[in-house]
Amino acid sequence: MTQTIAPRVRTVVLLLLAAACALLVGAGPASAHAAVTGSDPAQGAVVDKAPARISLTFSEQVAMSGDSLRVLDPGGKRVDTGGPSNVSGTTYAVRLHSGLPDGTYTVAYQVVSADSHPVAGAYTFSIGAPSKTSVTVSGQTADDGVVGWLYGLGRYVSYAGFIVMAGGAAFVLACWPRGSGVRPVQRFVVSGWLALTGATLALLLLRGSFTGSGKVADIFDLSLLGQVLQTKTGAALVSRLLLLAAAALFIAVLFGAYDKREDPQEKRDLTFGLAIGGVVVAAGLAASWAMSEHASVGLQAGIAMPVDVVHLLAVAAWLGGLGALLVALYRAPADTPVDTSAVRRFSRLAFGSVLALIATGTYQSWRQLGSWSAFTDTRYGQLLLAKIALVALLVGVAWISRRWTGRLAETVPAAAEREKARVGAGAEASGDAEPGGTGDDRTGAGPEAATDTDTDADADADADEQPDSEPADTERAAQLARQRAARDAARQKRLRDADPDRLGLRRSVLAEAGIAVVLLAVTTVLTQTEPGRTEREAKAATSSSASTSPDTGASGALTLNMPFDTGGKNGKGIVTVDLDPARVGDNEMHVYVERPDGQAFDIPEVKVDFTLKAKDIGPLPVVPDHLATGHWSANGVQIPMAGDWKVDVTVRTSDIDEVTVSKNAQIG
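Scoring rules and cut-offs
- Residues numbered from 1 in each chain as written.
- Predicted model: local features only at pLDDT ≥ 70, side-chain atom pairs only at ≥ 80, totals over all residues.
- Heavy atoms only, no water.
- Helix = DSSP H or I, 4+ residues; strand = E, 2+ residues; numbered from the N terminus.
- Buried < 20%, exposed > 50% of the residue type's maximum accessible area, 1.4 Å probe, protein only.
- Contact = heavy atoms within 4.5 Å.
- Areas by Shrake-Rupley, 256 points an atom, 1.4 Å probe, with all protein chains shown as cover.
- Patch = residues over 30% accessible without salt bridge, like charges linked within 9 Å, V, L, I, M, F, W, Y side chains within 5 Å.
- Salt bridge = Lys/Arg side-chain N within 4 Å of Asp/Glu carboxyl O.
- Phe/Tyr/Trp six-rings, centres within 6.5 Å; stacked < 30°, edge-to-face > 60°.
- Lys NZ or Arg CZ within 6 Å of the ring centre and 35° of its normal.
- Axes fitted to C-alpha atoms, helices over the stretch in contact; angles between N-to-C directions.
- Parallel < 35°, antiparallel > 145°, perpendicular 65-115°, else oblique.
- Left-handed = near helix turned anticlockwise from the far one by under 90°.
- Nonpolar A, V, L, I, M, F, W, Y, C, P; charged D, E, K, R; others polar.
- Core = buried A, V, L, I, M, F, W, Y, C linked by side-chain atoms within 4.5 Å.
- Pairing = 2+ DSSP bridges.

Outline the overall build of the protein chain, supporting the account with residue identities and numerical values.
Along the backbone of the protein chain there are 16 helices and 18 strands. The 668 residues of the protein chain split such that 46% are buried. Partitioning the contacts of the protein chain with sequence separation of at least 6, the portion at a separation of at least 24 is 70%. For the protein chain, the exposed surface amounts to about 31,800 Å²; the carbon and sulfur share of it is 58%.

Given below as structure tokens:
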């Protein structure tokens, strides 16, 4: 039965890991954790004379380098001078060259938020009157590319490594001390240490490129590494490496001196010392995350950081202990099986961890969301709902495991009695097989007993053939002893694996571990996503700034419906342009293409141009991104000033069939 189950276990685990990786890959770039809440000049504003400087206000403090704020003229030439400076609080400014000519200028920024995440963006303002500009700024940060993907993977592996190492060690100390001598459990905990150490080193190397250029070639740039070491995140990673050295000593004692202690009093004393030291090291490792990420900034940071440490320790005790239990149930040798008392102790430990998670998670949710509507209105809230659902599912499966544990506790004594009686019957059959017994008696004891008796008889015969003093006799006796031990172990393993209650427990624990893998992936993505409270505050500040700016004008969504006919096959349809809020400055645009019967369909290309003939502005081209069938979108569409704009939409339905349709609209 074990041979049949093992391949299934490997398949399920691999599928769950693949699902978790797919979730990480498909999560998209991390949202900015610091948002621009104000600027001077304002976004899209037209000022009469050139300002002496430009300033940006963020939702939290950010880290800047010499190139973090750049101001580019219509030709793409930099017009800022000197590095950016912190004017006050969360406002940063850079000075401009004097005597700047009229035209549209682009402000580009790339900073690192206080919770360690890169933030990038751009906007435009005009001096005198808007003009054409050749500047194209994507607004992408390094986390959108290969380096960002590697950094996200490193974060996932570091979380997983900490959980496996800390939770596995806690399982051994608190639940199953005999597990300190079990090789698969030892390998499980050591693999967690190796994963966390390797991931931490990788994050140190990736950090400079991740928050800067995003180039793979910059990963091994020692000058960037030196800059990283001077940041809060760099200090946290170095501290983590130092604590991992202490963790290595802890693991060496746990699986070395602790396992070899036979005196009960000495073992209790060493258990107490290891427990204190292990909690201190694990709390320090958890603090390396709490002091450099979400918990370290924003509302009640002094309370949030210790709460985050408790949250991480509870996760490790639950999920890491769950992984160690899974390894013990499937890989522990037959002579050292995980007993029911160990499973019961882990059940109590997991229950306490869940209570701690509920308390700390509730506080963190309130702190990061700020309102019930943020659960559905923000990406952070949506991911948090997914996490809550997975935790609830995990608790449900854990309840099933607890029931299997109770049934196992009831059946183990009976199974032990049956095994004792069966072994006694085998011994009696062996005695009947001595000279004077019959072959029928041996057969009646069962095939396994007969085999045992044959082996014992062979051993006796060999012993009669040679003197006891000869080395061959000693070697033969040792060999037979090993054979008997292996046979007994195999018998115990068969008995253990045939137990339906133990099999049910193993399967339910495997299901728990699979859910935990996906839960960890969602949690990793959640730590890279802008908190709902910050996102809503930034939107509110931006809306307030836009509504009070004299250059923005009124706001309101604009919808333009334009029939088209390219003249080719399937060349007829209707293109709809939605511009929101249809005002001066930043706008969101959606383009929909439908057949005459209203069915959405895709075409090879769609482009939109904005032209203000009265001021000789434009055409300003916009190439939207394809989102779904018949749906394209573009964010950050800049309308430099109010007026009667001509909106041209170019539709291409094949390699040669193309048409441009137009409509005028009052914008701003």
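Once you've had a look at it, read on.
Before we move on, can you summarise a nonpolar patch on the surface with the specific residues and values?
A cluster of nonpolar residues, V146, W149, L150 and V216, forms a patch on the protein surface that exposes about 350 Å² of accessible area. With respect to the secondary-structure elements, V216 resides in the loop between α3 (183–210) and α4 (222–229).

Lay out the packing of aromatic side chains in plain terms, naming residues and giving numbers.
According to the stated counting rule, one finds 9 aromatic pairs in the structure shown. Through a chain of ring-to-ring contacts, three or more aromatic side chains come together here, namely F58, Y92 and Y109. Cation over ring: K267 sits above Y258, and NZ or CZ is 4.9 Å from the ring centre.

Would you mind going over the packing of helix α7 (residues 264–290) against helix α8 (residues 301–331) in detail, with residue names and values included?
Across the interface, α7 lies against α8 with an axial gap of 9 Å and an inter-helix angle of 125 degrees. Classified by the angle between their axes, α7 and α8 sit oblique to one another. Of the two elements, α7 crosses α8, and the hand of that crossing is right-handed. Between α7, through A282, A283, A286, A287, W289 and A290, and α8, the contact on the second element is made entirely by M305, D308, V309, L312 and L313. Its residues assigned to classes, the contact of α7 with α8 comprises 10 nonpolar, no polar and 1 charged.

Outline the nonpolar core, listing residues and values.
Counting 69 residues, the largest nonpolar core has F162, W176 and L254 as its most contacted members. Sorting elements by how many residues they give to this core places α8 first, with 15 residues. Once residues within four sequence positions are removed from consideration, F162 is found in contact with G167, L196, A282, L285, A286, W289, L312, L313 and A316. In this structure, L579, V593, I639 and M641 belong to the second largest nonpolar core, which totals 32 residues.

Lay out unusual backbone geometry with the relevant residues and their values.
The omega angle of the peptide bond from D40 to P41 is 0 degrees, so this bond is cis rather than trans. Cis geometry is adopted by the peptide bond preceding P619, which originates at G618 and carries an omega value of 0 degrees. Turning to its location among the elements, P619 is positioned in strand β14 (residues 617–622). Even without glycine at this site, N570 takes up a positive phi of about 55 degrees. Mapping N570 onto the fold places it in the loop between β10 (558–565) and β11 (572–580). The exposure class assigned to N570 is partly exposed, which follows from its relative accessible area of 49%.

So what about the pairing of strand β17 (residues 643–652)? Which residues, and what values?
Counting buried residues along β17, 8 of its 10 residues qualify, which places the element largely inside the surrounding structure. Sheet topology note: the strand β13 (residues 605–612)/β17 ladder contains 7 bridges and is antiparallel. When the sheet's bridge partners are listed, F610 is paired in β17 with V647. Counted between consecutive antiparallel strands, the loop separating β17 from strand β18 (residues 658–667) contains 5 residues.

Break down the sheet that holds strand β16 (residues 631–639) for me, citing the residues and quoting the values.
Two orientations exist for strands paired in a sheet by backbone hydrogen bonds: parallel and antiparallel. One open sheet holds the 5 strands; their spatial order is β10-β11-β12-β16-β15, and the pairing between them is antiparallel. Sheet topology places β10 and β15 (625–628) at the edges, where each strand pairs with a single neighbour. Looking at each pair of strands side by side, their axes are set apart by 25 degrees on average, direction ignored. Here β11 pairs with strand β12 (residues 585–594) via 7 bridges, running antiparallel. Residue pairing in the sheet places V577 in a bridge with V591 of β12.

Describe in detail the sheet that holds β14, supporting the description with residues and values.
Taken in spatial order, the 4 strands of this open sheet run β14-β13-β17-β18, and their pairing is antiparallel. Here the strands that pair on one side only, and so sit at the sheet edges, are β14 and β18. The mean inter-strand angle of the sheet, taken between neighbouring strand axes irrespective of direction, is 20 degrees. Sheet analysis places β13 next to β14, joined by 4 bridges and oriented antiparallel. Across the sheet, residue F610 finds its bridge partner in β14, namely L620.

I'd like a description of the environment of Y380, backed by residues and values.
Summarising the element assignment, Y380 is placed in helix α11 (residues 379–432). For Y380, a relative accessible area of 7% gives the class buried. In this structure the C-alpha to C-alpha distance between Y380 and V525, which are 145 residues apart in sequence, comes to 9.2 Å.

Which residues make up the environment of L394, and what values do they have?
Within the secondary structure, L394 is located in helix α11. Distance in space between the C-alpha atoms of L394 and L519 is 9.0 Å, their sequence separation being 125 residues. Each residue touching L394, except ones within four places of it in the same chain, is listed here: W318, L319, E512, I515, A516 and L519.

Everything listed is a geometric property; what it means functionally is a separate question.
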